[in-house]
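Observations on the three-dimensional arrangement
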Amino acid sequence: MAQQGYLMDSVKFSCSICLDLLKTPVTIPCGHNYCMYCIGNFWDDEDKKGIHSCPQCRQQFTPRPVLVKNTMLAELVEDVRKTVPQPAPDDDCFVGPEDVACDICTVRKMKAVKSCLVCLVSYCENHLQPHYDVPGLKKHMLVNPSKKLQENICSRHDEVMKIFCRTDQQCICYLCTMDEHKGHDTVPAAAERAEKQKKLQESRQQIHQRIQDQEKDVKLLQQEVEAINVSADKAVEDSEKIFTDLIRLLQERSSDVKQQIRSQQETEVSRVKDVQEKLEQEITELKRKDAELEQLSHTEDHNQFLLNYPSLPALSESTHSSSIDKHPPYFEDVTAALSELKTKVLDILRDPLKISSPTASKVDVLPQSSEPRTREDFLKYSRKLTLSRNTAHKFLELSEGNRKVTMTNENQNYEDHEGRFTKRWQVLSKQRLTGRCYWEVEWAGKSVEVAVAYDDIERTGDTDESSFGLNENSWALSCQPYMYTYYGDDDDVDIPVTNPYSSTVGVYLDHRAGILSFYSVYGSQMTLLHEVDTTFTQPLHAGIWLSRSRGNSAEFIQLK
């Protein structure tokens, strides 16, 4: 029974954090008791949150309560400790390879639980007790165990470095202020820490605010993604319904046309067979008359021949020959009408649906108008293009906001990049091109190529695979004084010089329709140089190639 009482007492006087008998017991404002070290360590962790609470009842305290040893409770715990056998230290209490050792232990080093920044000594749980009991030691600053305590000692004067030199931005001891740091701007290290801690907190607040703002943006973007998905799903559903209705209407119209053709076929066949029957009757009658005439022609008696000849009826004209047409266009008008309808439908279907860019406010699913004809029409599709520095050959210099490229024959010392052309004097635009786009290039020099290319065009070789217009991944217009040549689709085409001559080339791309056109631009006048009709399978980039002649240049013109 006595042993059971001891066990009950040990439970009553145990710390709910470490589950061991109270060591330096303290009573916090809510009435619960803890080891001074346990509750202090618990509140050290809560300092980051700015609150201090009881681990049991969760009551919060502001400011952090000052911990004072409960002397009466300590004596009671000591009595219980004497009556209850204490277990031997667990192996986990002894120092390991990665732990900080207690500097006081002599026989077998115990694991340090705190380091003192004043004593510059690390203590195990047992040797730390005086810092909780002795008034002079209670003011010392305890931190989590550290192996770098000696770094707080001045290597020159062997004194604790408690001063911060703002001039040299380093910690020093008080003797350093009289020596090499004499006259410098110095403050107590604690004061500097407090000031920097304040700035650190301000920086953290700014970071937290930015995190909150960006989390809101992420939520808005997620909502936008959901809205896009819902809208796209509805558009797909509506388009399927519309096309289903169109197919049904076409099938119904097809059935009507077939029925009309068959009805007309039956009428025409009946008419023709009627004429055919009458003609066959005429043929029978004519054959009969021919037989009579043949018989008369063989009559040897002249008198008999002359007697019967006047009784022969005259041969009348056929009454049905006028209703016969050797090339009747019975259903050519139907075929022509259907062909015209097919052409109109194909024109509509080939013209891609105009869907707005991600930054537009709405989606326009009406068919686009026909291809642009005037420069004003082309300018509706103008794109602001810039050149990608990561793709430019090392001899090409970019300027004017990365809109202009010039041949220098001098290494521009660009950073290494996997997208850079290493052999060909070429550069690609930063923007990817899809849909309908229009841009203009002002060129100067001996030879310049204005091109478009897929992103996966070869970058490192000096072969056709890396040359604009000489592979299946690019198309190019070579511009020389008073001469143009188109390269692409395994073909090259010489183009006559335009009048008036211009050094401005306009490029129009309809990605969906597979149309690429090059124009000579002179003021508002546009002259088609060459048009490509193909199928683009990937987004394109605008490209520029310069011959290796110093001063050759090309610039994307800023269009209004």
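Before going into details, it helps to say that this report is about the structure given with it. Everything numeric in this text was worked out from a predicted model, so none of it was measured.

**Details of the pairing of strand β16 (residues 474-480)**
Across the seven residues that make up β16, a large majority, six, are buried. Where β16 lies against strand β17 (residues 483-488), five bridges are found, and the strand directions are antiparallel. Following the sheet pairing, S478 is matched in β17 by T485. Linking β16 to β17, which pair antiparallel, is a turn of two residues; within it Y482 sits at a positive phi near 60°.

**Section: the packing of aromatic side chains**
In total, this model carries ten aromatic pairs according to the counting rule given. Between W43 and F61 the ring centres are 6.3 Å apart and the planes differ by 70°, which places this aromatic pair in the edge-to-face class. With a gap of 18 residues between them, W43 in helix α2 (residues 36-46) and F61 in strand β4 (residues 60-61) connect regions that are remote in the sequence. In this structure W43 comes out as buried when scored by relative accessible area, which is 0%. Taking the relative accessible area as the measure of exposure, F61 reaches 6% and is therefore buried. Consider the rings of Y482 and Y501, whose centres lie 4.3 Å apart with planes at 25°: the pair is stacked. Here Y482, found in the loop between β16 and β17, pairs with Y501, found in the loop between β18 (491-495) and β19 (504-510); they are 19 residues apart in sequence, far enough to count as distant.

**Some thoughts on unusual backbone geometry**
Looking along the chain, the bond that leaves T62 and enters P63 is cis, with omega of 0°. The residue P63 is located in the loop between β4 and α3 (71-83) in this model. Phi at L120 takes a positive value of approximately 55°, unusual for a residue other than glycine. Inspection of the secondary structure puts L120 in the loop between β5 (114-116) and β6 (121-123). Despite not being glycine, N409 has its phi angle at roughly 60°, a positive value. The residue N409 is located in the loop between β12 (404-407) and β13 (426-428) in this model.

**Quick look at the sheet that holds strand β10 (residues 186-188)**
Spatially, three strands are ordered β9-β8-β10 in an open sheet, and the strand pairing comes out antiparallel. Every other strand in the sheet has two partners, leaving β9 (170-172) and β10 as the edge strands with one partner each. In this sheet, adjacent strand axes meet at a mean angle of 35° when their direction is disregarded. When strand β8 (residues 163-165) meets β10, the two strands line up antiparallel, connected through three bridges.

**Remarks on the sheet that holds β16**
Reading across the sheet, the six strands line up as β13-β22-β15-β16-β17-β18 and stay open at both edges, with antiparallel pairing between neighbours. Of all strands in the sheet, those bounded by a partner on one side alone are β13 and β18. The mean inter-strand angle of the sheet, taken between neighbouring strand axes irrespective of direction, is 20°. Two elements, β13 and strand β22 (residues 540-546), share three bridges in a ladder whose sense is antiparallel. The residue bridging L428 from the neighbouring strand is G543, located in β22.

**Quick look at a negative patch on the surface**
On the surface, D456, E458, D464, E465, E472, D489, D490, D491, D492 and D494 cluster together into a negatively charged patch. As for its position among the elements, D456 is in the loop between β15 (448-454) and β16.

**Points about the pattern of salt bridges**
Any two side chains of opposite charge can pair, on the condition that their charged atoms come close. Taken as a whole, this structure holds 24 salt bridges when the rule is applied. A salt bridge links D133 to K69; the shortest N-O distance between them is 3.8 Å. Of this pair, D133 sits in helix α4 (residues 130-133) while K69 sits in the loop between β4 and α3, and the two are 64 residues apart along the sequence. Between R375 and E440 there is a salt bridge whose closest N-O contact spans 3.0 Å. Within this pair, whereas R375 is found in helix α9 (residues 375-379), its partner E440 is found in strand β14 (residues 436-444), the two being separated by 65 residues in sequence. For R375, a relative accessible area of 21% gives the class partly exposed. Salt bridges sharing common partners tie together R166, E192, E195, K196 and K199.

Calculation notes
Residues numbered from 1 in each chain as written. Predicted model: local features only at pLDDT ≥ 70, side-chain atom pairs only at ≥ 80, totals over all residues. Heavy atoms only, no water. Buried < 20%, exposed > 50% of the residue type's maximum accessible area, 1.4 Å probe, protein only. Helix = DSSP H or I, 4+ residues; strand = E, 2+ residues; numbered from the N terminus. Pairing = 2+ DSSP bridges. Phe/Tyr/Trp six-rings, centres within 6.5 Å; stacked < 30°, edge-to-face > 60°. Axes fitted to C-alpha atoms, helices over the stretch in contact; angles between N-to-C directions. Patch = residues over 30% accessible without salt bridge, like charges linked within 9 Å, V, L, I, M, F, W, Y side chains within 5 Å. Areas by Shrake-Rupley, 256 points an atom, 1.4 Å probe, with all protein chains shown as cover. Salt bridge = Lys/Arg side-chain N within 4 Å of Asp/Glu carboxyl O. Lys, Arg positive; Asp, Glu negative; His and termini not counted. Charge placed at Lys NZ, Arg CZ, Asp CG, Glu CD.

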